[in-house]
Amino acid sequence: MSTRTLISPATLARPRGKALYWTVFTAVVALFAIAFLFPVYWMASGAMKSPDEIARTPPTFVPEHWHLSGYTDAWDLMQLPLHLWNTVVQAAGAWAFQLVFCTAAAYALSKLRPAFGKVVLGGILATLMVPAQALVVPKYLTAADLPLIHTSLLNDPLGIWLPAVANAFNLYLLKRFFDQLPRDVLEAAEIDGAGKLRTLWSVVLPMSRPVLGVVSIFALVSVWQDFLWPLMVFSDTDKQPISVALVQLSQNIQLTVLVAAMVIASIPMVALFLLFQRHIIAGISAGSTKG
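Note that the coordinates shown come from a computational prediction; the quantities given were computed from them, not determined experimentally. (Residues numbered from 1 in each chain as written. Predicted model: local features only at pLDDT ≥ 70, side-chain atom pairs only at ≥ 80, totals over all residues. Heavy atoms only, no water.)

## Some words on the overall build of the chain
Stated precisely, the cut-off is as follows: Secondary structure elements follow DSSP: runs of H or I no shorter than four residues count as helices, runs of E no shorter than two count as strands, and numbering proceeds from the N terminus. Radius of gyration here is computed from C-alpha atoms only, and the compact-globule reference equals 2.2 Å multiplied by the residue count raised to the power 0.38. Contacts: residue pairs with any heavy atoms within 4.5 Å of one another. The accessible surface values rely on the Shrake-Rupley method and a 1.4 Å probe; as for residues, cover is taken only from the protein chains in view.
Counting its regular elements, the chain contains 15 helices and zero strands. What you see for the chain is a C-alpha radius of gyration of 25 Å, clearly larger than the 19 Å of a compact globule of 291 residues, by over 25%. Projecting the C-alpha coordinates of the chain onto the three principal axes gives extents of approximately 75 × 70 × 35 Å. Partitioning the intrachain contacts of the chain with sequence separation of at least 6 by distance along the chain shows that 71% fall at a separation of at least 24. A total accessible area of about 18,400 Å² is found for the chain, and carbon and sulfur atoms account for 69% of it.

See the structure below:
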């Protein structure tokens, strides 16, 4: 079966056609690279400009004098180590809670098939239709006075961890992946005497590394970049994550220092993506094929 393309194979085989193809391809890739990388360069170089230069109109694309003091001042004046550590604790806890409970719920709905499982799944997916802003007030009232035990989760990392567990998108993503796992493998584990938990731990989870990597990235990024909910939970400045601290401490701070703080705050997520990009791509592609 032949594949039809915009340029025929005969045209590509000619030297002129091949040169034209690679010229257009290189130009398109270069344009996309510039479009995505230029904002990163603009932010990183802006932190190295002087306060007068960064506010100049028209702007300078290359700093006249490279200053690293913006980064050092941001590290000290804005207490970045403290707030970065707060963010790491909150993101790591939310990731662990979400991975454990969402994986268990998705496995139960996919393989254990409990009574009224479809109704439960439908109710979970229905929450995706509700705007997140509409849930802020009831979620805050619940965190301020937890039902039954009547305790407050404000100024406590649990105020971030527990609400993060209720992530319908990640749960559905895991369930769809579990649905595609070969039943022969699971039945072979049952024949060998493995129980449901043993099958989950020894068979399902090792096969689910790609989708677990994707869910982990989604969980970490959502907590790392969230602003409104941490702002409501943490009134104590020393416990606020980096997203809230950058806004709260930006008063009377030079623009170059603030831009440098934003660059430092974005480094962990960029490094995390570069480190696990292979797993992310594998997880996205794995969800589109049947196992």
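Back to the write-up after that little detour.
## Observations concerning the packing of aromatic side chains
Put simply, the rule reads: Under the pairing criterion, centres of Phe, Tyr and Trp rings, with the six-membered ring standing for Trp, must be within 6.5 Å; the plane angle then separates stacked pairs below 30 degrees from edge-to-face pairs above 60, leaving the rest tilted. A simple rule labels every residue: compare its accessible area, found with a 1.4 Å probe on the protein chains alone, to the largest value its type can have, and call it buried under 20%, exposed over 50%, or partly exposed in between. By the criterion adopted, a ring carries a charge over it if an Arg CZ or a Lys NZ lies within 6 Å of its centre and within 35 degrees of its normal.
Evaluation of the coordinates by the stated rule reveals nine aromatic pairs. When the centroid spacing of 6.4 Å and the interplanar angle of 85 degrees are considered together, the rings of Tyr-107 and Phe-178 count as edge-to-face. On the criterion of sequence distance, the pair formed by Tyr-107 in helix α5 (residues 80-112) and Phe-178 in helix α9 (residues 168-179) is long-range, its members being 71 residues apart. Phe-178 carries the same exposure label as Tyr-107, and that label is buried. The structure contains a cluster of three or more aromatic residues connected by ring pairs, namely Phe-38, Tyr-41, Trp-42 and Phe-61. Looking at Lys-49, its charged tip hangs above the ring of Trp-42, at a distance of 4.3 Å from the centre. Sitting over the ring of Trp-229, Lys-139 keeps its end group 4.6 Å from the ring centre.

## Some details on the environment of Ala-188
Positionally, Ala-188 belongs in helix α10 (residues 183-191). Ala-188 gets classed as partly exposed once you look at its relative accessible area, which sits at 35%. For Ala-188 and Thr-199, which are eleven residues apart along the polypeptide, the C-alpha to C-alpha distance reads 9.8 Å.

## Observations concerning the pattern of salt bridges
To keep things clear, this is the line we draw: Each salt bridge in this description consists of a side-chain nitrogen of Lys or Arg and a carboxyl oxygen of Asp or Glu lying within 4 Å of one another.
Applying the stated criterion to the full structure yields four salt bridges. Of the charged contacts, one joins Arg-56 and Glu-64 as a salt bridge, the two residues approaching to 2.7 Å between their closest N and O atoms. The salt bridge involving Lys-196 is made with Glu-190; its shortest N-O contact spans 3.3 Å. Lys-196 sits in the partly exposed class, given a relative accessible area of 45%.

## Observations concerning the packing of α5 against helix α12 (residues 209-225)
Definition in use: To define axes, lines are fitted to C-alpha atoms, for helices over the stretch in contact only, and angles between the resulting N-to-C directions are given on a 0 to 180 degree scale. Angular relationships are summarised with four words: roughly parallel below 35 degrees, roughly antiparallel beyond 145, roughly perpendicular across 65 to 115, and oblique for the angles in between. In a left-handed crossing the near helix is turned counterclockwise from the far helix by less than a right angle, and in a right-handed crossing that turn is clockwise. Charged means Asp, Glu, Lys or Arg here, nonpolar means Ala, Val, Leu, Ile, Met, Phe, Trp, Tyr, Cys or Pro, and polar covers whatever is left, Gly included.
Between α5 and α12, the shortest axis-to-axis distance is 9 Å and the interhelical angle comes to 140 degrees. Relative to α12, the element α5 lies oblique. The handedness of the crossing between α5 and α12 is right-handed. Across from Leu-84, Thr-87, Val-88, Gln-90, Ala-91, Ala-92, Ala-94, Trp-95, Gln-98, Leu-99 and Thr-103 in α5, the residues of α12 making contact are Leu-212, Val-215, Ser-216, Ala-219, Leu-220, Val-223 and Trp-224. Considering only residue class, the contact of α5 with α12 consists of 13 nonpolar, five polar and no charged.

## Details of the nonpolar core
The condition is simple: Only buried Ala, Val, Leu, Ile, Met, Phe, Trp, Tyr and Cys residues count toward a nonpolar core, and they belong to the same one when joined by side-chain atoms within 4.5 Å.
Ranked by size, the top nonpolar core spans 34 residues in total, and within it Tyr-71, Met-78, Leu-80, Ile-160, Ile-242 and Leu-246 carry the most contacts. Of all elements in the fold, only α4 (69-77), α5, α8 (158-165), α12, α13 (228-233), α14 (242-248) and α15 (255-286) reach the threshold of two or more residues within this core. Per element, the largest residue contribution to this core is ten residues, and it comes from α15.

## What about unusual backbone geometry?
With an omega dihedral of 0 degrees, the bond running from Thr-57 to Pro-58 counts as a cis peptide bond. Mapped onto the fold, Pro-58 is located in the loop between α3 (51-54) and α4. Phi is positive for Phe-116, which is not a glycine, with a value near 60 degrees. The phi torsion at Leu-148 lies on the positive side, around 75 degrees, for a residue other than glycine. Checked against the element boundaries, Leu-148 lands in the loop between α7 (136-144) and α8.

## Examining the side chain of Gln-90
Rule in force here: Residues adjacent in sequence count toward polar contacts only when both atoms are side-chain atoms; beyond that, a polar contact is any pair of N or O atoms within 3.5 Å, and within protein one must be able to donate a hydrogen and the other to accept it.
Take Gln-90: it is sitting in helix α5. Residue Gln-90 is classed as buried on the basis of its relative accessible area of 4%. At a separation of 3.2 Å, a polar atom in the side chain of Gln-90 contacts the main-chain carbonyl oxygen of Lys-239. Sequence-distant contacts of Gln-90, defined by excluding residues within four places in its chain, comprise Ile-160, Trp-161, Val-223, Phe-234, Lys-239 and Pro-241.

## Concerning the confidence of the model for the chain
Note that predicted coordinates carrying low pLDDT should not be read in detail. So the rule is basically this: Every residue carries a pLDDT, the predictor's confidence in it, which falls somewhere between 0 and 100.
With 91% of its residues at a pLDDT of 70 or more, the chain has an overall mean of 85. Low pLDDT (under 50) marks residues 287-291, which in the prediction has five contacts with non-local residues, meaning those over four places away or in another chain.

## A word on the environment of Leu-128
Its location among the elements puts Leu-128 in the loop between α6 (117-126) and α7. Looking at Leu-128, the relative accessible area reads 46%, which means it is partly exposed. Each C-alpha atom, one on Leu-128 and one on Phe-169, is 7.4 Å from the other, the two residues being 41 residues apart in sequence. Excluding anything up to four places from it in sequence, Leu-128 contacts Ala-168 and Phe-169.

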